[in-house]
Amino acid sequence: MDISPLLIASLLVALLVIFIVIRAIRIVPQARARNVERLGRYSRTLQPGLNFVIPFIDRVYTAIDLREQVVSFQPQPVITEDNLVVEIDTVLYFQVTDPRAAAYEIANYLQAVEQLTVTTLRNVVGSMDLESTLTSRDTINSQLRGVLDEATGKWGIRVNRVEIKAIDPPKTIKDAMEKQMRAERDKRAAILGAEGQRQSQILTAEGDKQAAVLRAEGNRTARILKAEGEAKAIDEVFQAVHRNDPDPKLLAYQYLQTLPQLAQGPGNTFFVIPSEVTAALSSVSRAFTDALPKSPATRDTSHDDKISARAADDAAQAAEAAAEAVAAAAETQSPALTERHTGVGTPH
């Protein structure tokens, strides 16, 4: 079967039409833009979506990304004001706002932004010393962003942010900085330790002071209460004595009961006996040998004969114990010392 030339021509025309239609249709993705040149001259910028161009007349260039881009530059050596070389690594955030200017105002905007960042960074850091460079990252970032945004505006680029990723000083400077930081930490630790010890001593002293005050107050209160109790007891005894109106014989009897206690105790080698002891013994003996009269304190009360006899026996035993105590004390002392201190040999 022979194919006619007309059929072949029709097929060729159909293929040519399909090819032309394909070349005339351009689909641009979202957040992209493509510049179009017509006969070598800028014509327009294709927007995202379906676009039509004239085949063989319009030339469509590569798509330009309109999203914010992040570029990390290699560490660059920078000399500070105090002549120290530091390595600074920067990160740049920028966005293309004008595709036509980015394509026609600068040949390679990425390389231009990188070189501009390096030169601006050297100018900014060159006016600072090392300590200011390490502690003023925000200042450096703001200065870099201001200079880059102003310079790249005509290129259709907006610099959103510039960040310093790392600042590496020389190794000798790092060692010196570590020693300085170690010394600062030791100093702060010593200061904190001294402050804690001082605070502890202050609190201890305050506690001792309060304890001493409380002990003194307690002792004072105890002594006051003891003195009040003794005073009350003495007052009660005094009132009882005066209320009962004792006679001299009763007082002599109480005196004789106290004398044996003077001879008690392992360390008593001698004691002084007043000269009134002999007279007291004689009075007591006479008092209990004869019939005991009633004292004024007991005139209003009735006692039977058994109680009187028992009292007489107790008084006699007390007088006998007192006489034995006086004799024992007299035996342990020399006659002269006994005569001088007791007063027995000297009549009064």
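Counting restarts for each chain: residues are numbered from 1 in the order of the written sequence. The predicted nature of this model means local features are confined to residues of pLDDT at least 70 and side-chain atom pairs, given and counted, to a pLDDT of 80 or more, with totals for whole chains, interfaces and linings taken over all residues. Only hydrogens and water are removed before side-chain values are computed, so all heavy atoms of the structure are retained for them.

Participant: For the confidence of the model for the protein, give the residues involved together with the corresponding values.
Facilitator: Every residue gets a pLDDT, meaning the predictor's confidence in that residue, from 0 to 100. Counting all residues, the mean pLDDT for the protein is 78, and 69% of those residues have values of 70 or more. Any two residues whose heavy atoms approach within 4.5 Å are treated as being in contact. For the stretch residues 291-304, pLDDT sits under 50, and the model shows ten contacts to residues farther than four places along the chain or on other chains. Low confidence marks residues 333-348, where pLDDT is under 50. Its contacts with residues over four positions away, or in another chain, come to 17 contacts.

Participant: Account for helix 5 (residues 137-152), naming residues and giving values.
Facilitator: Under the DSSP-based scheme used, a helix requires at least four consecutive residues in state H or I and a strand at least two consecutive residues in state E, with every element numbered from the N terminus. How far a helix is expected to stretch is found by multiplying one less than its residue total by 1.5 Å. For helix 5, which comprises 16 residues, the first-to-last C-alpha distance of 22 Å matches the rise-based estimate of 22 Å (1.5 Å per residue) to within 8%. Working definition: with a 1.4 Å probe on protein chains only, accessible area under 20% of the residue-type maximum means buried, over 50% means exposed, and in between means partly exposed. Within the sequence span of helix 5, burial applies to Ile140, Asn141, Leu144, Leu148 and Thr152. Projected down its long axis, helix 5 carries its buried residues within an arc of 95°, all on one side. The exposed residues of helix 5 that point more than 90 degrees off its buried face are Asp138 and Glu150. Regarding the arc, it is the one traced by the directions from the helix axis to the C-beta atoms.

Participant: I'd like a description of unusual backbone geometry, backed by residues and values.
Facilitator: A positive phi is found at Ala31, a non-glycine position, where the angle reads about 65°. With respect to the helices, strands and loops of the structure, Ala31 is situated in the loop between strand 1 (25-28) and strand 2 (32-38). Located in the positive-phi region is Asn83, a residue other than glycine, with phi close to 60°.

Participant: Could you give an account of the packing of aromatic side chains, with specific residues and numbers?
Facilitator: Note on ring pairs: Phe, Tyr and Trp rings are taken, using the six-membered ring of Trp, and paired if centres are within 6.5 Å. Classes follow the plane angle, with under 30 degrees stacked, over 60 edge-to-face and the rest tilted. Counted under the stated rule, the structure contains three aromatic pairs. Summarising the aromatic geometry, the rings of Tyr42 and Tyr104 are spaced 5.6 Å apart at their centres and angled 70° between planes, so their arrangement reads as edge-to-face. With a gap of 62 residues between them, Tyr42 in strand 3 (residues 41-46) and Tyr104 in helix 2 (residues 99-104) connect regions that are remote in the sequence. Look at Tyr42 and you get partly exposed, because its relative accessible area is 30%. Seen in terms of ring centroids, Phe94 and Tyr109 are 6.2 Å apart; in terms of plane orientation they differ by 75°. Their pairing is edge-to-face. Of this pair, Phe94 sits in strand 9 (residues 85-96) while Tyr109 sits in helix 3 (residues 109-125); the two residues are 15 residues apart in sequence, bridging distant segments of the chain.

Participant: Describe the nonpolar core, naming the residues involved and giving the relevant values.
Facilitator: Working definition of a nonpolar core: buried Ala, Val, Leu, Ile, Met, Phe, Trp, Tyr and Cys residues. They are joined through side-chain atoms within 4.5 Å. Within the largest apolar cluster, 30 residues are counted, with the highest numbers of intra-cluster contacts made by Ile88, Leu92, Tyr109, Leu121 and Ile140. Secondary-structure elements contributing two or more residues to this core are strand 9, helix 3, helix 5 and strand 10 (157-168). It is helix 3 that provides the largest number of residues to this core, a total of seven residues. Apart from residues lying up to four places away in sequence, Leu92 is in contact with Gln69, Val70, Val71, Phe73, Val113, Thr117, Leu148, Val159, Arg161 and Val162.

Participant: Could you give me a rundown of the packing of helix 3 against helix 5, with the residues and numbers involved?
Facilitator: Geometrically, a packed helix pair is captured by the angle between its two axes and the distance between the axes. For the pair helix 3 and helix 5, interaxial distance at closest approach is 10 Å and the crossing angle is 140°. Overall, the two elements helix 3 and helix 5 adopt an arrangement that is oblique. When the axes of helix 3 and helix 5 are compared, the crossing they make is right-handed. On helix 5, the residues touching Val113, Leu116, Thr117, Thr120, Leu121, Val124 and Val125 of helix 3 are Ile140, Gln143, Leu144, Val147, Leu148, Ala151 and Thr152. With axes taken as lines fitted to C-alpha atoms, and helix axes fitted only over the stretch in contact, angles between N-to-C directions fall between 0 and 180 degrees. Here the word oblique covers every angle except those under 35 degrees (roughly parallel), over 145 (roughly antiparallel) and from 65 to 115 (roughly perpendicular). Helix crossings are classified by the rotation of the near helix relative to the far one: an anticlockwise turn of less than a right angle makes the crossing left-handed, while a clockwise turn makes it right-handed.

Participant: Would you mind going over the side chain of Asn35 in detail, with residue names and values included?
Facilitator: Within the fold, Asn35 resides in strand 2. Whenever a nitrogen or oxygen atom comes within 3.5 Å of another N or O atom, the pair is scored as a polar contact, on the condition that within protein one atom can donate a hydrogen and the other can accept it, and that pairs from neighbouring residues in sequence are kept only if both atoms are in side chains. Here Thr45 takes part through its side chain, which lies 3.0 Å from a polar atom of the side chain of Asn35. For Asn35, the contacting residues outside a window of four places in its chain are Tyr42, Arg44, Thr45, Arg59, Val60, Tyr61, Ile64, Pro99, Arg100, Ala103 and Tyr104.

Participant: Run through the pattern of salt bridges, naming residues and quoting values.
Facilitator: A carboxyl oxygen of Asp or Glu within 4 Å of a side-chain nitrogen of Lys or Arg is what we treat as a salt bridge. For the structure on display, the rule yields seven salt bridges. Residue Asp65 pairs with Arg32 through a salt bridge whose shortest N-O separation is 3.8 Å. Of the two residues, Asp65 sits in strand 6 (residues 64-65) while Arg32 sits in strand 2, which places them 33 residues apart along the sequence. For Arg161, the salt bridge goes to Glu163, with nearest N and O atoms at 2.7 Å. Assessed through its relative accessible area of 49%, Arg161 is described here as partly exposed. Ionic contacts of the salt-bridge type, sharing partners, join the residues Arg32, Asp65 and Arg67 into one network.

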